[in-house]
Amino acid sequence: MIIISYDIKDDKLRTKFAKMLRSNGAIRLQFSVYEVNNTQRIIDNIKVNIVEKFSKLFTGADSVMIFDAPNAKVLKYGNAIHRDRDVVYF
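Note that the structure is predicted; figures quoted are calculated from it, not measured.

Two strands in a sheet stick together by hydrogen bonds in their backbones, pointing the same way (parallel) or opposite ways (antiparallel). Strand order in the open sheet formed by four strands is β2-β3-β1-β4, with antiparallel pairing between adjacent strands. This sheet does not close on itself; its edge strands, each paired only once, are β2 (27-30) and β4 (63-68). Recorded for the sheet is a direction-independent mean angle of 25° between the axes of neighbouring strands. Strand direction decides the pairing type here: strand β1 (residues 2-7) and β4, joined by six bridges, are antiparallel. Bridged to Ile4 within β4 is Ile66.

Below, the structure written as structure tokens:
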């Protein structure tokens, strides 16, 4: 699992970046924070997309951070607790 947090000033670039994350199975945790809990191939694909397609478009005001800690303990509170549970609707 990785966590991707970003701050991208340009609206169009920010929208494209978010769409790229969602198309690769990322789950939005907050406005600019996504969780990717997928295969290593998908995670590597996201990293390659960031480097090859997006990094050259970033300005000095933009930033992307990837937290890659597969063995780190994650503490969840509030609404985040419910994301890992199956919900069944009748």
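For the protein chain, per-residue confidence averages 85 on the pLDDT scale, and residues scoring 70 or more make up 80% of the total. At the low end of the mean pLDDT range in the protein chain sits β4, at 89; at the high end sits helix α1 (residues 11-23), at 96.

Turning next to the packing of aromatic side chains. In total, this model carries four aromatic pairs according to the counting rule given. Ring centres 5.1 Å apart and planes at 85° place the aromatic pair Phe17 and Phe54 in the edge-to-face group. Of this pair, Phe17 sits in helix α1 while Phe54 sits in helix α2 (residues 40-54), and the two are 37 residues apart along the sequence. Residue classification places Phe17 among the buried positions, given a relative accessible area of 0%. Taken together, the ring pairs in this structure connect Tyr6, Phe17, Tyr34, Phe54 and Phe58 into an aromatic cluster.

Scoring rules and cut-offs
Residues numbered from 1 in each chain as written. Predicted model: local features only at pLDDT ≥ 70, side-chain atom pairs only at ≥ 80, totals over all residues. Heavy atoms only, no water. Pairing = 2+ DSSP bridges. Helix = DSSP H or I, 4+ residues; strand = E, 2+ residues; numbered from the N terminus. Axes fitted to C-alpha atoms, helices over the stretch in contact; angles between N-to-C directions. pLDDT = per-residue confidence, 0-100. Phe/Tyr/Trp six-rings, centres within 6.5 Å; stacked < 30°, edge-to-face > 60°. Buried < 20%, exposed > 50% of the residue type's maximum accessible area, 1.4 Å probe, protein only.

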